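# Analysis of the macromolecular model
Here are the chains, one letter per residue:
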Amino acid sequence: MISALMPTYGRADIAFDRGEGPYLFSTEGARYLDFTAGIGVNSLGHAHPRLVSALGAQAKKLWHTSNMFHIPDQQRLAERLVAHSFADTVFFCNSGAEAMECGFKTVRSHFDAAGDPGRYRIICADQAFHGRTLATIAAGGQEKMLKGFEPAVDGFDHVGFGNLNETRAAIGDQTAALLIEPVQGEAGIRTAQEDYLQGLREIADEYGLLLFFDEVQCGMGRTGKLFAHEWTGVTPDVMAVAKGIGGGFPVGACLATGDAASGMVPGSHGSTYGGNPLAMAVANTVMDVMLEDGFLAHVRDMGAKLLAGLEKLVAAHPSVLAGVRGMGLMIGLVCADDPKPLIGKLRGNGLLTVLAGGNVVRLLPPLITQGAQIDEALAILDESCAQLGKDS
Ligand SMILES: *Cc1c(COP(=O)(O)O)cnc(C)c1O
């Protein structure tokens, strides 16, 4: 018999009762250092005093009104995102997949508005992850996610991540956009190199295509810049963000240039909850914190410290660890073998991490993590690798 809760997840046998900064406390009372951060969501850790206070204050005033009325805090957050990015305009929704969907509609409507509605196909990268709706699993293109849900939504082609020749060769009369994650998350922290992004920008400009970045995981400070593509000189035309922007409150956003969004007119798109007052009170406070002097520098410092420590561990435990890669606090620890035993061992020793593709253990600490907690994590990793080395 099926369980009351639809059994779509493989869950670890643990539940939490409360969180504080980078720590989680289980219902059994055990303390864990949370280097999952809700898969990059709890950017400011758990129960951040300013987020708690913003949510509490807003909860007493107004939760929800519908987008048939003006929502001043939504306007304000849009203006701040525009001021701090390539974009001219922002649509708010509640998740990463919805932010992607808005991006797909932005792309299609752009060409429709330009009198070229036959251009609707998007070239995506292999091993991409863009969400679990019908259109986003088609964009991801991974067989294991499409299986059982076919036919796949039409309009997505796939080429090798990092492969400009394949990208060029895949362009046809119907191609509208190029889509990648500047740092692939689920695939195992694969970073797009600057010359790759530069090449995509050039190809997009040459063929009149839109460049669409999925920064749902790598955006909002995760790599030590507000957006990951800022590490390069390349800007997209459309970008999806979510995860870290709400710090744990469900918020997604689709950012675009005015030209890219030429088809997004009144009545073209909507979301009942998107950008409601409760969500915007929290997301504006996340922005307040992230835009403060030193916040992103802290992420870069902590990222460098973590990476340096992990490089030493890779050298010390070659039978368990094969390498480390990533940017800022978006780090992938490549395992010599199946990473699941290591993830289990780490959890047993009080450190929570996330599985990713390519035998990778993902480390996504809250961006407020301090040096002492990086040291604590490295000590647990060292101990766990030593235990695992002995076990095998
Ligand atoms: C998590 C994620 C998504 C999907 O976000 P949801 O909020 O789960 O819909 C899309 N793209 C990337 C890169 C992600 O990491």
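These numbers come from a predicted model, not from an experiment.

How each quantity is defined
- Residues numbered from 1 in each chain as written.
- Predicted model: local features only at pLDDT ≥ 70, side-chain atom pairs only at ≥ 80, totals over all residues.
- Heavy atoms only, no water.
- Helix = DSSP H or I, 4+ residues; strand = E, 2+ residues; numbered from the N terminus.
- Rg over C-alpha atoms; globule rule 2.2 N^0.38 Å.
- Buried < 20%, exposed > 50% of the residue type's maximum accessible area, 1.4 Å probe, protein only.
- Contact = heavy atoms within 4.5 Å.
- Areas by Shrake-Rupley, 256 points an atom, 1.4 Å probe, with all protein chains shown as cover.
- Near = heavy atom within 4 Å.
- Polar contact = N/O pair within 3.5 Å; in protein donor to acceptor, adjacent residues only side chain to side chain.
- 1 Å grid on protein atoms, 1.4 Å probe; cavity = no way out; pocket = protein on both sides within 12 Å on 5 of 7 lines; lining within 4 Å.
- Points joined across faces, edges and corners; volume = space filled by probe spheres on them.
- Nonpolar A, V, L, I, M, F, W, Y, C, P; charged D, E, K, R; others polar.

From N to C terminus, the chain includes twelve helices and 17 strands. In terms of C-alpha radius of gyration, the chain reaches 21 Å, essentially the compact-globule figure of 21 Å for 392 residues. Referenced to the eigenvectors of the C-alpha coordinate spread, the extents of the chain come out at roughly 65 × 55 × 55 Å. Here the chain, with 392 residues, has 54% of them falling under the buried criterion. In the chain, the proportion of contacts linking residues at least 24 apart, taken out of those at least 6 apart, comes to 73%. When the accessible surface of the chain is totalled, it reaches about 17200 Å², and 53% of it is carbon and sulfur.

Residues E150 and P151 are joined by a peptide bond in cis, for which omega reads 5 degrees. Among the structural elements, P151 can be located in the loop between α6 (143-146) and β6 (156-159). Within the chain, A47 stands out as a residue other than glycine whose phi angle is a positive 55 degrees. Residue position: A47 is located in the loop between α1 (37-40) and α2 (49-61). The exposure class of A47 is exposed, given its relative accessible area of 52%. The backbone of K243 sits at a positive phi, close to 25 degrees, despite the residue not being glycine. Position of K243 among the secondary structure elements: in the loop between β11 (238-241) and β12 (252-256).

Within the structure, the ligand sits among S95, G96, A97, F129, H130, G131, E181, D214, V216, Q217 and K243. Separating an oxygen atom of the ligand from a backbone N or O atom of G96 is a distance of 2.8 Å. Between Q217 and the ligand, the recorded distance is 2.7 Å, taken from a side-chain N or O atom to an oxygen atom. If the ligand stood free it would expose 380 Å²; the protein chains cover 82% of that surface.

Once that is clear, we can look at empty space enclosed by the protein. For the coordinates displayed, the defined rule picks out one cavity of 30 Å³ or more. Its boundaries defined by the atoms lining it, the largest cavity holds a volume of some 50 Å³. Contributing to the lining of the largest cavity are I123, C124, A125, V159, T167, L178, L179, I180, Y196 and L200. Elements with a contribution of two residues or more to the lining of the largest cavity: β5 (121-125), β7 (175-180) and α8 (194-207).

Each pocket or cavity is described by its volume, and for the second largest pocket that value is around 650 Å³. Residue lining of the second largest pocket: 28 residues in total, with Q74, T89, V90, F91 and F92 positioned closest to the centre. Every element with two or more residues in the lining of the second largest pocket is listed here: α3 (72-83), β4 (89-93), α4 (96-113) and β12. Classifying every residue of the lining of the second largest pocket by side-chain character gives 16 nonpolar, twelve polar and no charged.

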